Amino acid sequence: MNKVYIVGAGPGDPELITVKGLKSIQQADVILYDRLSNPDLLDEARDEAQLIYCGKRPDHHSLDQAAINELLCSYAQQGKSVTRLKGGDPFVFGRGGEEAEVLAKNRIPYEIVPGISSGVAAPAYAGIPVTHRNYSSSVAFLSGVSKLGCDQEEYWEHVVKSMDTLCIFMGVKKLPEICERLIRHGRAPETPIALVEWGTTEHQRTVTGSLKNIVGRASELMNPSMIIVGEVVKLRDQLQWFEQLNDEAELPIPSIVG
Ligand SMILES: C[S@@+](CC[C@H](N)C(=O)[O-])C[C@H]1O[C@@H](n2cnc3c(N)ncnc32)[C@H](O)[C@@H]1O
């Protein structure tokens, strides 16, 4: 029996994978990969490696979770080295926990290789520190579609009262409801909010506003997008750097005078 590596591919920029994650791709016999793991990383795989797409896209065949679990177990039991590649961090809204549970139950050896979650990376590439000594000393990662709590009033009330910064995953389709709930539970309508679509990639787009006006401003943004709520969003005005990389590249080289 061989090992299964459950690996975080990072948030999108292929250079944001860990050294250990990259090594696990390079040595794998089989790689099962998701939609949000950057496909460029697969160029690192051995020529003989078997690549299996597990994500959900309208025009592609996709595997359900039970089928993925079964493949992980059966390839490992055949003695193959298996890498399960997931976007961001496998244990942050990545179902990596469920896959590890199945491996543990079947006594299959595994390692977890953490990745940089989009919950911190998308804000960072938008110039938004999720904590800051002057604005926020706590941050919560929430799901817009979680099985636990997302439709419960007490859950939102608790989160709104106890946390400074909120990073909301999978929430873009529910943006109007999310804003309405946050206001109803005590966040000021003027509270700053940002959406970062395809964070850390060349397609990154960021829209900012307040809880009362963001729905109109961000209507074009789609999945995958990170929603960031809290005073830290204001720092983007000073700290945005990623968009300027391209601007800098296009700046004319100043001529030397004199
Ligand atoms: C199933 S969750 C996976 C999260 C992942 N495990 C992580 O740690 O980043 C998918 C959600 O993560 C967020 N997400 C993933 N990649 C993103 C990116 N590059 N930019 C913005 N949000 C992203 C979006 O909210 C998306 O709907």
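Residues numbered from 1 in each chain as written. Predicted model: local features only at pLDDT ≥ 70, side-chain atom pairs only at ≥ 80, totals over all residues. Heavy atoms only, no water.

### So, the sheet that holds strand S4 (residues 82-86)
Now for step 1: Taking strand neighbours across the sheet as the criterion, the five strands line up as S3-S2-S4-S1-S5 in an open arrangement whose pairing is parallel. Strands with a single pairing partner mark the edges of an open sheet, and in this sheet they are strand S3 (50-53) and strand S5 (110-113). Along the sheet, successive strands turn relative to each other by an average axial angle of 15 degrees, direction set aside.
Now for step 2: When strand S1 (residues 4-8) meets S4, the two strands line up parallel, connected through five bridges. (Pairing = 2+ DSSP bridges. Helix = DSSP H or I, 4+ residues; strand = E, 2+ residues; numbered from the N terminus. Axes fitted to C-alpha atoms, helices over the stretch in contact; angles between N-to-C directions.)

### Some words on the domain arrangement of the protein chain
Now for step 1: Looking at the protein chain, the domain boundaries give domain 1 (4-116) and domain 2 (119-244).
Now for step 2: Each of domain 1 and domain 2 was reduced to a C-alpha centroid, and the two centroids are 28 Å apart.
Now for step 3: Taken residue by residue, the interface counts nine residues in domain 1 and 14 residues in domain 2.
Now for step 4: The junction of domain 1 with domain 2 conceals about 810 Å² of combined surface from both sides, 75% of it contributed by carbon and sulfur atoms.
Now for step 5: Scanning the region where domain 1 abuts domain 2 turns up zero salt bridges. (Domains from an automatic or database assignment. Contact = heavy atoms within 4.5 Å. Buried area = accessible area lost by both parts, 1.4 Å probe. Salt bridge = Lys/Arg side-chain N within 4 Å of Asp/Glu carboxyl O.)

### What to know about the site of the ligand
Now for step 1: Close to the ligand lie 18 residues, the nearest being Val92, Ser117, Ser118, Gly199 and Ser225.
Now for step 2: Take Met170: an N or O atom from its main chain is 2.8 Å from an oxygen atom of the ligand.
Now for step 3: Within the backbone of Ser225, an N or O atom sits 2.8 Å from an oxygen atom of the ligand.
Now for step 4: Isolated, the ligand exposes 560 Å² of accessible area, and the fraction of that covered by the protein chains is 90%.
Now for step 5: Across the shell around the ligand, the residue classes tally to 10 nonpolar, seven polar and one charged.
Now for step 6: Split by domain, the shell around the ligand shows at least three residues from each of two domains, domain 1 (4-116) and domain 2 (119-244). (Near = heavy atom within 4 Å. Polar contact = N/O pair within 3.5 Å; in protein donor to acceptor, adjacent residues only side chain to side chain. Areas by Shrake-Rupley, 256 points an atom, 1.4 Å probe, with all protein chains shown as cover. Nonpolar A, V, L, I, M, F, W, Y, C, P; charged D, E, K, R; others polar.)

### Describing the state of the cysteines
Now for step 1: For the structure on display, the rule yields zero disulfides.
Now for step 2: Cys179 takes part in no disulfide bond, and the closest cysteine sulfur to it belongs to Cys167, at a distance of 15 Å.
Now for step 3: Overall, the relative accessible area of 3% leaves Cys179 in the buried class. (Disulfide = S-S within 2.5 Å. Buried < 20%, exposed > 50% of the residue type's maximum accessible area, 1.4 Å probe, protein only.)

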